[in-house]
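Listed here are the chains, written in short residue letters.
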Amino acid sequence: PEMVNVDRLYQIADTLDKADLSSPSPANDALYEEIILGAKGASESKQLTAQMLSRYYRFFPQLAPKAIESLFDLCEDEDTRARVAAIRVLPGICKENPSDAPRVADILGQLLHTDRVLELDQAKAALNIVFRIDPKSTVDALFDQMSPEVDTNVRLIAIVVLKDKIKMTDIVNKNVELQNHIAERAKQVHGHLDPAHASILIQLMHSLPVFNGPKAKSLTSVLDIHFNLEADFEFNVASLSALLNNVDLLASDAQPSEAASQILSYVINKVLPVLDAQKSPSALDNERVRVYQGMADLALAGKADDI
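Before going into details, it helps to say that this report is about the structure given with it. (Residues numbered from 1 in each chain as written. Predicted model: local features only at pLDDT ≥ 70, side-chain atom pairs only at ≥ 80, totals over all residues. Heavy atoms only, no water.)

Quick word on the overall build of the protein
Here's step 1: Helix and strand content of the protein: 15 helices and 0 strands.
Here's step 2: Put simply, the protein has 307 residues, and 50% of those count as buried.
Here's step 3: When contacts within the protein are restricted to residue pairs at least 6 apart in sequence, long-range pairs at least 24 apart make up 67% of them.
Here's step 4: Of the roughly 15,000 Å² of accessible surface on the protein, 51% is carried by carbon and sulfur atoms. (Helix = DSSP H or I, 4+ residues; strand = E, 2+ residues; numbered from the N terminus. Buried < 20%, exposed > 50% of the residue type's maximum accessible area, 1.4 Å probe, protein only. Contact = heavy atoms within 4.5 Å. Areas by Shrake-Rupley, 256 points an atom, 1.4 Å probe, with all protein chains shown as cover.)

As for the packing of helix α2 (residues 26–37) against helix α4 (residues 64–75)
Here's step 1: It is at 9 Å that the axes of α2 and α4 come closest, and there the two elements cross at 15°. The orientation of α2 with respect to α4, classified from their angle, is roughly parallel. Along this stretch, α2 crosses α4, giving a crossing that reads as left-handed. Taken together, the residues of α4 that come into contact with α2 (itself represented by Tyr-32, Glu-33 and Ile-36) are Lys-66, Ala-67 and Ser-70. (Axes fitted to C-alpha atoms, helices over the stretch in contact; angles between N-to-C directions. Parallel < 35°, antiparallel > 145°, perpendicular 65-115°, else oblique. Left-handed = near helix turned anticlockwise from the far one by under 90°.)

Points about the side chain of Gln-122
Here's step 1: Within the fold, Gln-122 resides in helix α7 (residues 117–133).
Here's step 2: Apart from the residues within four sequence positions on either side, Gln-122 is in contact with Val-84, Ile-87 and Arg-88.

Concerning helix α5 (residues 80–96)
Here's step 1: Under the 1.5 Å per step criterion, the end-to-end length of α5 is 26 Å for 17 residues, consistent within 8% with the ideal 24 Å.
Here's step 2: Its maximal kink placed at Val-89, α5 deviates by approximately 25°, while the proline Pro-91 follows within four residues.
Here's step 3: Every buried residue of α5 is listed here: Ala-82, Arg-83, Val-84, Ala-85, Ala-86, Ile-87, Val-89, Leu-90, Pro-91, Ile-93 and Cys-94.
Here's step 4: Its side-chain oxygen placed 3.0 Å from the backbone nitrogen of Arg-81, Asp-79 serves as the N-cap of α5. (Expected span 1.5 Å × (residues − 1). Bend = angle between axes of the 7 residues up to and from the residue. Polar contact = N/O pair within 3.5 Å; in protein donor to acceptor, adjacent residues only side chain to side chain.)

Looking at the pattern of salt bridges
Here's step 1: Overall, the coordinates contain 15 salt bridges when judged by the stated rule.
Here's step 2: Between Arg-185 and Asp-140 there is a salt bridge, with its nearest N and O atoms 2.9 Å apart. Pair noted here: Arg-185 is in helix α11 (residues 176–189) and Asp-140 is in helix α8 (residues 135–144), with a separation of 45 residues, a long-range link. Accessibility assignment for this pair places Arg-185 and Asp-140 in one class, buried.
Here's step 3: Among the salt bridges present, the one from Asp-144 reaches Arg-185, with a minimum N-O distance of 3.0 Å. Of this pair, Asp-144 sits in helix α8 while Arg-185 sits in helix α11, and the two are 41 residues apart along the sequence.
Here's step 4: Of the residues examined, Asp-144 reaches a relative accessible area of 36% and is grouped as partly exposed.
Here's step 5: Counted as one network, the salt bridges with shared partners bring together Lys-136, Asp-140, Asp-144 and Arg-185. (Salt bridge = Lys/Arg side-chain N within 4 Å of Asp/Glu carboxyl O.)

Focus on the environment of Ile-93
Here's step 1: Checked against the element boundaries, Ile-93 lands in helix α5.
Here's step 2: The class of Ile-93 is buried, set by a relative accessible area of 0%.
Here's step 3: Other than its neighbours up to four places away in sequence, Ile-93 contacts Leu-53, Ser-54, Tyr-57, Ile-68, Leu-71 and Asp-100.

Description of the environment of Lys-46
Here's step 1: If you trace the backbone, Lys-46 turns up in helix α3 (residues 43–55).
Here's step 2: The class of Lys-46 is buried, set by a relative accessible area of 11%.
Here's step 3: Separated by 11 residues in the primary sequence, Lys-46 and Ile-35 have C-alpha atoms spaced 9.4 Å apart.
Here's step 4: Sequence-distant contacts of Lys-46, defined by excluding residues within four places in its chain, comprise Gly-38, Ala-39, Lys-40, Gly-41, Leu-74, Asp-77 and Ala-82.
Here's step 5: At 2.8 Å, the side chain of Lys-46 forms a polar contact with the side chain of Asp-77.

A few points about the packing of α5 against α7
Here's step 1: Running from amino to carboxyl end, α5 crosses α7 at an angle of 5°, the nearest separation of the two axes being 9 Å. One element, α5, and the other, α7, form an angle in the roughly parallel class. Contacts between α5 and α7 pair Thr-80, Arg-83, Val-84, Ile-87, Arg-88, Pro-91, Cys-94 and Lys-95 from the former with Leu-118, Glu-119, Gln-122, Ala-123, Ala-126, Ile-129, Val-130 and Ile-133 from the latter.

Here you go:
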């Protein structure tokens, strides 16, 4: 088909603005299909195409699948301006048709992989809007980016973005079902995260009302303790980080637990002897002090069943 340029797109917009779009019309359908073809045009055409696809989207439900696929294609276009334009209009598609929100959220989640700051910022902003339309799908899209095969930097971005979404208390605090869904998804990824990232996830979980207050659930009943209590303790950054991650989780939990007793016993019998044997000063002295502090917090807070 003939390439659709900017002038032709403006002509189409003028015609559609004057037309009665409330009733089906083959002629109008043909014009909207021309707009879709603009995604294959020059850079200026692609930007305008993205805007027009969103603007008239609600009037052409029968062409919605083609339109949204064109927008997804533009999100991966070689032209930066076309990509940014497409990302910006995607939330508008969800407003017109909330059933498209899961696919849009998934695409925006994948766009967190970009190393281009402008596009990353646009994807985050778009996710904010989609979250208000379909919180559950947005949460799923973000947790999908925390899976083991995803780059560690992208996982961190996804966790931070999710943390920002949970700060939208008007949406999260009133929705117990959503809080429980976040907890279930967190359980699936917690054991695969780097200790530092897992710590952020734990902080995030504690901000949920379902894990706060006198009737709060036990967080350790949701997030399993990921630490080998049978192995000898090795004095290195990875082991200390993993240990501290679990200590932070247990010390901040709302209820005593068997896991707290187990890890406290492990520290007394296997960790403290290793720490005491280390010569000072050591590059890991700060981490060593944090272990002592964490154990004290765990004991003083009465989080272990047998204390």
